[in-house]
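Notes for the structure review
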Amino acid sequence: VALGGKSTCTIGDSTFISTPIQIRGNDNGRIIVEKQCSIDTLARLSVANDAVLRIEEGVGVGPYNIINAFDDCTIGKDTMLSPYVNINCADHGMELGEPMKLQRGTYGPVVIGEDCWIGAGVVINKGVTIGKGVVVGAGAVVTCDLPPYAIAVGVPAKVIGDRREKYGKK
């Protein structure tokens with residue numbers, strides 16, 4: 001755990017945390033893990049600026065997940081993050097004439113709805129909202145919003161189906 005500035009981290013009751021994990025905070029960032037979550041081996045939760053990283057009740061954060069919340073990031077109730085998921089609320093600047101690592105980043109919130117399944121190796125970019133009940137296939141790169149109950153795959157991720165049509169009650 002490395003919390004600098006006025007950053008904070010709260011973890012709800014009955015949350016399972018495998019060891020080791022990394023929790024990093026800077027500036028006024030806040031990490032809020034609600035009750036009955038699980039955070040698996042070598043996951044990294046990182047927050048900075050005035051951002052809030054909220055992991056709602058019953059979320060499973062998979063092994064080797066990286067969540068970089070330099071803007072607000074919310075992961076909805078009962079969502080599953082498979083291994084090696086990477087969520088980034090920031091990008092580096094890319095203007096010519098100055099090294100990229102020295103340029104100011106650009107930020108945007110990420111919202112993942114309730115009851116989603118994010119497959120192994122998925123990358124979710126800044127500014128994206130993923131609706132309730134979405135399934136994102138392994139290895140996808142999510143660069144734009146996904147509607148509720150979508151099934152999305154690919155690089156960049158594209159909607160290929162709707163869970164309500166394919167798996168709805170008959």
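Quick caveat, the model's predicted, so the values are computed rather than measured. (Residues numbered from 1 in each chain as written. Predicted model: local features only at pLDDT ≥ 70, side-chain atom pairs only at ≥ 80, totals over all residues. Heavy atoms only, no water.)

Turning to the overall build of the protein, a few remarks are in order. Helix and strand counts for the protein stand at one helix and 23 strands. The globule rule puts the C-alpha radius of gyration for 170 residues at 15 Å, and the 16 Å found for the protein is close to it. The dimensions of the protein, computed from C-alpha atoms along their principal axes, are 55 × 45 × 25 Å. Taking all 170 residues of the protein together, the buried fraction comes to 39%. For the protein, contacts bridging at least 24 residues in sequence account for 14% of all contacts bridging at least 6. (Helix = DSSP H or I, 4+ residues; strand = E, 2+ residues; numbered from the N terminus. Rg over C-alpha atoms; globule rule 2.2 N^0.38 Å. Buried < 20%, exposed > 50% of the residue type's maximum accessible area, 1.4 Å probe, protein only. Contact = heavy atoms within 4.5 Å.)

We now examine the sheet that holds strand 4 (residues 22-25). Picture the strands of a sheet paired through backbone hydrogen bonds; they go either parallel or antiparallel. Ordered in space as 1-4-7-10-13-18-21, the seven strands form an open sheet in which the pairing is parallel. Each of the sheet's edge strands pairs with one partner strand only, and the pair in question is strand 1 (2-3) and strand 21 (141-142). The sheet contact formed by strand 7 (residues 44-47) and strand 10 (residues 66-69) spans four bridges and is parallel. By the bridge assignment for strand 10, Arg44 is matched with Ile66. (Pairing = 2+ DSSP bridges.)

What follows is about the pattern of salt bridges. Scanning the model with the defined rule gives two salt bridges in all. The salt bridge involving Glu34 is made with Arg54; its shortest N-O contact spans 3.3 Å. With Glu34 in the loop between strand 5 (30-33) and strand 6 (38-39) and Arg54 in strand 8 (residues 52-55), this pair connects stretches of sequence that are 20 residues apart. Look at Arg54 and you get partly exposed, because its relative accessible area is 27%. Note that Arg164 is salt-bridged to Asp162, the shortest N-O span being 2.8 Å. (Salt bridge = Lys/Arg side-chain N within 4 Å of Asp/Glu carboxyl O.)

One ladder, built from three bridges, connects strand 10 with strand 13 (residues 86-88); its direction is parallel. Looking at the pairing, Asn68 lines up with Asn88 of strand 13.

Take the packing of aromatic side chains next. Per the stated rule, a full pass over the model turns up two aromatic pairs. Taken together, a centroid distance of 4.8 Å and an interplanar angle of 5° make the contact between Tyr64 and Tyr84 stacked. Highlighted residues: Tyr64 in the loop between strand 9 (60-61) and strand 10 and Tyr84 in the loop between strand 12 (80-81) and strand 13, separated in sequence by 20 residues. The class of Tyr64 is partly exposed, set by a relative accessible area of 36%. An angle of 55° between the planes, with centres 6.4 Å apart, marks the rings of Phe70 and Tyr107 as tilted. Of this pair, Phe70 sits in the loop between strand 10 and strand 11 (73-75) while Tyr107 sits in strand 15 (residues 106-107), and the two are 37 residues apart along the sequence. By relative accessible area, which is 30% here, Phe70 ends up partly exposed. (Phe/Tyr/Trp six-rings, centres within 6.5 Å; stacked < 30°, edge-to-face > 60°.)

Our next topic: unusual backbone geometry. Cis geometry is adopted by the peptide bond preceding Pro20, which originates at Thr19 and carries an omega value of -10°. Relative to the helices and strands, Pro20 resides in the loop between strand 3 (16-17) and strand 4. Cis geometry is found at the peptide bond from Val155 to Pro156, where omega equals -5°. With respect to the helices and strands, the residue Pro156 is situated in the loop between strand 22 (150-153) and strand 23 (158-162). Positive phi, close to 60°, is recorded for Ser14, a residue that is not glycine. With respect to the helices and strands, Ser14 occurs in the loop between strand 2 (8-11) and strand 3.

A general feature of soluble globular proteins is that nonpolar side chains tend to end up buried together. Counting 38 residues, the largest nonpolar core has Ile87, Ile118, Ile124 and Ile130 as its most contacted members. If you list the elements that add at least two residues to this core, you get strand 5, strand 7, strand 8, strand 10, strand 11, strand 16 (110-112) and strand 22. Ignoring sequence-local partners within four residues, the contact set of Ile130 consists of Val111, Ile112, Gly113, Cys116, Ile118, Ile124, Val142 and Leu146. (Core = buried A, V, L, I, M, F, W, Y, C linked by side-chain atoms within 4.5 Å.)

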